[in-house]
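Structural description and commentary
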Amino acid sequence: QHMQHMQHMQHMQRPSQHAQYTTYNISHATYNTRCTTEKYTGLAGLANLGNTCYMNAALQCLANTTPLTWYFQTNIPATKLNAPLVQHYAELVTDIWSGEYSEIAPVAVVRDIKRMNPIFQGYGQQDSQEFLRCILDKLHEHLKEECAPPYADDDEEAKPSEQKQQEEEEEEEQRKEPKQTEPEPTRQRFESKEASGLDDAWGGSPAKYKVTEPPTKKRAVDATPRDHKETNGVSHERQQFNKEAMVEPPSPTPKKKAKIKRRFYQSIVSDCFEGLLLSRVKCLKCGYISSKKDPFWDLSLSIPDNDTIRKANEDSGHVPSKAESNGWGSWLGSFFTSRTVDLADCMRAFCMKEELTGSERYRCDRCKLRNDSQKYMRIIRPPEVLCVHIKRFRHDAYLWTKSTDRVLFPLKGFDIGAFCEPYQQFASECEHTKYDLIGVVRHMGIMSGGHYIAYAYNQKHKQWYEFDDRTVSSVSPSTVENTEGYVLFYRRKIPEREEERKQIKRQVKEYAQQGHKAEGGVYYLSRKWWARWKVVHAPGPIDNQPFVCHHGRMLPKPTPPTKSSSKTGTTTATSTATDKELIAVPPAVWKYLCEKYGGGPPLRSLITCDICAVEHSNL
């Protein structure tokens, strides 16, 4: 029967543009009757390759994340396509949005992920959110490029000036302090670490002298092997004499370890999904506040109980939401009844103050001791695409259970401004904190077994669709709003920025149609920066430096010498730029972008620099 089934499937197959996919020739009417009269882009179903519904749901949401999809369709550098996962994912996204296929089997992408992460091997059901993290991390690793530090690694600015001055004075005294040559008797100097409080593990300063206990009448145990009577040229008797000495020579001051410089990388994945959290810990004894910046690609939010919601509302000063109380208690009731919780309640519980006591006490940098503390977090750089993971699976009383509590999430205008804080160079990014929903991953069933589907908003047709493996159907917004969300995808909306993008892209398109003819000539922009400008709110200054030499012209690329060139002694040089590396813009667009974002240098021609070409040929 299996062989007959395989032969039947081979008759149904038709060749695809890419050999990695198996595309089935199924009538468009099987999943949408209107497909017989109109091509639907972005509506191809994904075949289930053996319990891969968790992959299909995540892939459909990623395919409907417009900035990411646009990059893989049009702007990915050819050098990055050497990685199999990058190439196969780009081909998958291109086929989904080509409108030519009703169903695609993502064999190559699934195979690449299983090779990279053993947890996804086999045919067992896995977690969709873990797969999402895995594929985004792998794509980032292949696409990343080193960049300038977007923020300080160490938060030295949080230290008060008095503390900095005190630390500098202590270090200066330690350098100038003379060494003692005649120490006092051992009995007067001897002191345990517990009594002195100079435990190195707790940050105490090391003792100036290594003190040994007074010798006893018992014979000391010799740790030296019998066949090695001398160590480093010192006899065994001499070692015994040193052990009985009152004081050992002072050890040299340990040198501080050189601080390793942290490197920063960016890619289209980090441009879309990466945000920045600022976590602060306040010592309740001295009041010192230490802070740390943590990048994140998604927020994993627990579903708070009623008591936690009440505390979070009191902490933030928010009016309590109208969440229904089950009357069974926050723990026992979750096994029998479902509550209604707002997504904002989950965010408030995530950002609320947390008491660090007992074994969780924090070591204060000023007191050098572990004291009771308070910890709280804020978002200082909102991401372009906010990915929210709702923790529905939990471990209670030796059992894994799934929470069926309903979490209300808005389709439009989800404002996270109450959980953001303007901070230094990221203050301007906190001015726009509203998001619109673009995708949902839903888990149906129980903990031991279930099924994943996805809901995604098609930007081309302005319609919500349900993706259930190979089946695709349109749904109403109310259906999406009332679903049991597991992973939510929100995209930040900035109306004035969207209008700016539309106008500039229209001018660039018209300029290209006119053959790049305009008063003032032509300017060229790095497509790498152009891609960031189309995706992120703050793309940074224009960076044309990789293409411009110090003479202000195009950098040449020396070509290997040929037979004819070797006879004449000349070497040709070509430009390092291609159509996928530079984009031509009119002078008005260049002037506007330079005034708003800064950077440069200007590039007016693709003709290579003759001086640099000669230098390259000589090298």
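Keep in mind the model is a prediction, meaning the values are calculated, not measured. (Residues numbered from 1 in each chain as written. Predicted model: local features only at pLDDT ≥ 70, side-chain atom pairs only at ≥ 80, totals over all residues. Heavy atoms only, no water.)

Focus: the overall build of the chain
Within the chain one finds 19 helices and 32 strands. For the chain, the proportion of its 619 residues judged to be buried stands at 41%. A fraction of 72% describes how many contacts in the chain between residues 6 or more apart in sequence connect residues 24 or more apart. In the form shown here, the chain has an accessible surface area of approximately 35,400 Å², with 51% of it arising from carbon and sulfur atoms. (Helix = DSSP H or I, 4+ residues; strand = E, 2+ residues; numbered from the N terminus. Buried < 20%, exposed > 50% of the residue type's maximum accessible area, 1.4 Å probe, protein only. Contact = heavy atoms within 4.5 Å. Areas by Shrake-Rupley, 256 points an atom, 1.4 Å probe, with all protein chains shown as cover.)

A short note on the packing of helix 4 (residues 84–96) against helix 6 (residues 128–143)
Taken N-terminus to C-terminus, the directions of helix 4 and helix 6 make an angle of 115°; their axes are 9 Å apart at the nearest point. The angle between helix 4 and helix 6 places the two elements in the roughly perpendicular class. As for how helix 4 packs across helix 6, the hand of that crossing is left-handed. Note on element contacts: helix 6 touches helix 4 through Ile135, Lys138, Leu139, His142 and Leu143, opposite Leu85, Val86 and Tyr89. (Axes fitted to C-alpha atoms, helices over the stretch in contact; angles between N-to-C directions. Parallel < 35°, antiparallel > 145°, perpendicular 65-115°, else oblique. Left-handed = near helix turned anticlockwise from the far one by under 90°.)

Describing the pairing of strand 26 (residues 485–492)
Most of strand 26 is tucked away: eight of the eight residues are buried. With five bridges connecting them, strand 17 (residues 385–391) and strand 26 associate as antiparallel partners. Bridge pairing in strand 26 links Leu386 to Tyr490. Both strand 22 (residues 434–445) and strand 26 contribute to a ladder of seven bridges, which runs antiparallel. (Pairing = 2+ DSSP bridges.)

Description of the nonpolar core
Ranked by size, the top nonpolar core spans 60 residues in total, and within it Phe72, Ile135, Phe273 and Phe489 carry the most contacts. Ranked by the residues each element gives to this core, the list is headed by helix 2 (residues 53–63), at nine residues. In this structure, Phe72 is in contact with Val86, Tyr89, Ala90, Thr94, Leu139, Leu143 and Ile268, ignoring residues within four places of it in sequence. Residues Met347, Leu437, Val475 and Val480 belong to the second largest nonpolar core, which totals 35 residues. (Core = buried A, V, L, I, M, F, W, Y, C linked by side-chain atoms within 4.5 Å.)

Some remarks on the layout of surface pockets
Taken as a whole, the second largest pocket encloses approximately 930 Å³ of empty space. Cys147, Pro150, Gln266, Asp271 and Arg532 are the residues nearest the centre of the second largest pocket, which is lined by 36 residues in total. Secondary structure elements with two or more residues in the lining of the second largest pocket: strand 5 (145–147), strand 8 (264–266), helix 11 (268–273) and helix 16 (527–535). Its residues placed into classes, the lining of the second largest pocket shows 17 nonpolar, seven polar and twelve charged. (1 Å grid on protein atoms, 1.4 Å probe; cavity = no way out; pocket = protein on both sides within 12 Å on 5 of 7 lines; lining within 4 Å. Points joined across faces, edges and corners; volume = space filled by probe spheres on them. Nonpolar A, V, L, I, M, F, W, Y, C, P; charged D, E, K, R; others polar.)

So, a negative patch on the surface
On the surface, a cluster of negative charge is contributed by Glu354, Glu355, Glu360 and Asp372. Position of Asp372 among the secondary structure elements: in the loop between strand 15 (370–371) and strand 16 (373–381). Here Asp372 falls in the partly exposed class, since its relative accessible area comes to 32%. (Patch = residues over 30% accessible without salt bridge, like charges linked within 9 Å, V, L, I, M, F, W, Y side chains within 5 Å. Salt bridge = Lys/Arg side-chain N within 4 Å of Asp/Glu carboxyl O. Lys, Arg positive; Asp, Glu negative; His and termini not counted. Charge placed at Lys NZ, Arg CZ, Asp CG, Glu CD.)

Digging into the sheet that holds strand 16
Two orientations exist for strands paired in a sheet by backbone hydrogen bonds: parallel and antiparallel. The sheet built from four strands is open, its strands ordered 10-9-16-13 with antiparallel pairing. The open sheet is flanked by strand 10 (289–296) and strand 13 (354–356), the only strands paired with a single partner. Neighbour-to-neighbour, the strand axes of this sheet turn through a mean angle of 30°, independent of strand direction. Across three bridges, strand 13 lies against strand 16 in antiparallel orientation.

Points about the pattern of salt bridges
Summed over the entire model, instances satisfying the criterion amount to 17 salt bridges. Lys144 is paired through a salt bridge with Glu141; the nearest N and O atoms lie 3.0 Å apart. Taking relative accessible area as the criterion, Lys144 reaches 27% and is therefore assigned partly exposed. Residue class for Glu141 comes out partly exposed when judged on its relative accessible area of 40%. Residue Arg310 is joined to Glu314 by a salt bridge in which the shortest nitrogen-to-oxygen separation is 3.2 Å. Here Arg310 pairs with Glu314, and both are found in helix 12 (residues 306–316), just four residues apart, close to one helical turn. Residues joined by salt bridges that share partners form a network here, namely Asp307, Arg310, Lys311 and Glu314.

Comments concerning empty space enclosed by the protein
For the structure on display, the rule yields two cavities of 30 Å³ or more. When its volume is computed, the largest cavity comes out at roughly 50 Å³. In this structure, the largest cavity is lined by Glu384, Arg491, Arg492, Ile494, Arg497, Glu498, Arg501 and Val535. Counting residues per element, the ones that place at least two in the lining of the largest cavity are strand 26 and helix 15 (495–513). The element that contributes the greatest number of residues to the lining of the largest cavity is helix 15, accounting for three residues. Taken together, the residues that form the lining of the largest cavity break down as two nonpolar, no polar and six charged. Volume-wise, the second largest cavity comes out at about 40 Å³. Lining the second largest cavity are Leu132, Arg133, Leu136, Trp297, Asp298 and Cys387. The element that contributes the greatest number of residues to the lining of the second largest cavity is helix 6, accounting for three residues. Here the lining of the second largest cavity is built from residues that sort into four nonpolar, no polar and two charged.

Here's the deal with helix 4
One full turn of an α-helix is made of 3.6 residues, so residues set three or four places apart face in the same direction. Over its 13 residues, helix 4 extends 18 Å from the first C-alpha to the last, a length consistent with the 18 Å expected when each residue adds 1.5 Å. By the criterion of burial, helix 4 is predominantly enclosed, with ten of the 13 residues buried. Listed as buried for helix 4 are Leu85, Val86, His88, Tyr89, Ala90, Glu91, Leu92, Val93, Asp95 and Ile96. The elements touched by buried residues of helix 4 are strand 3 (45–46), helix 2, helix 3 (66–75), strand 4 (103–104), helix 5 (107–116) and helix 6. (Expected span 1.5 Å × (residues − 1).)

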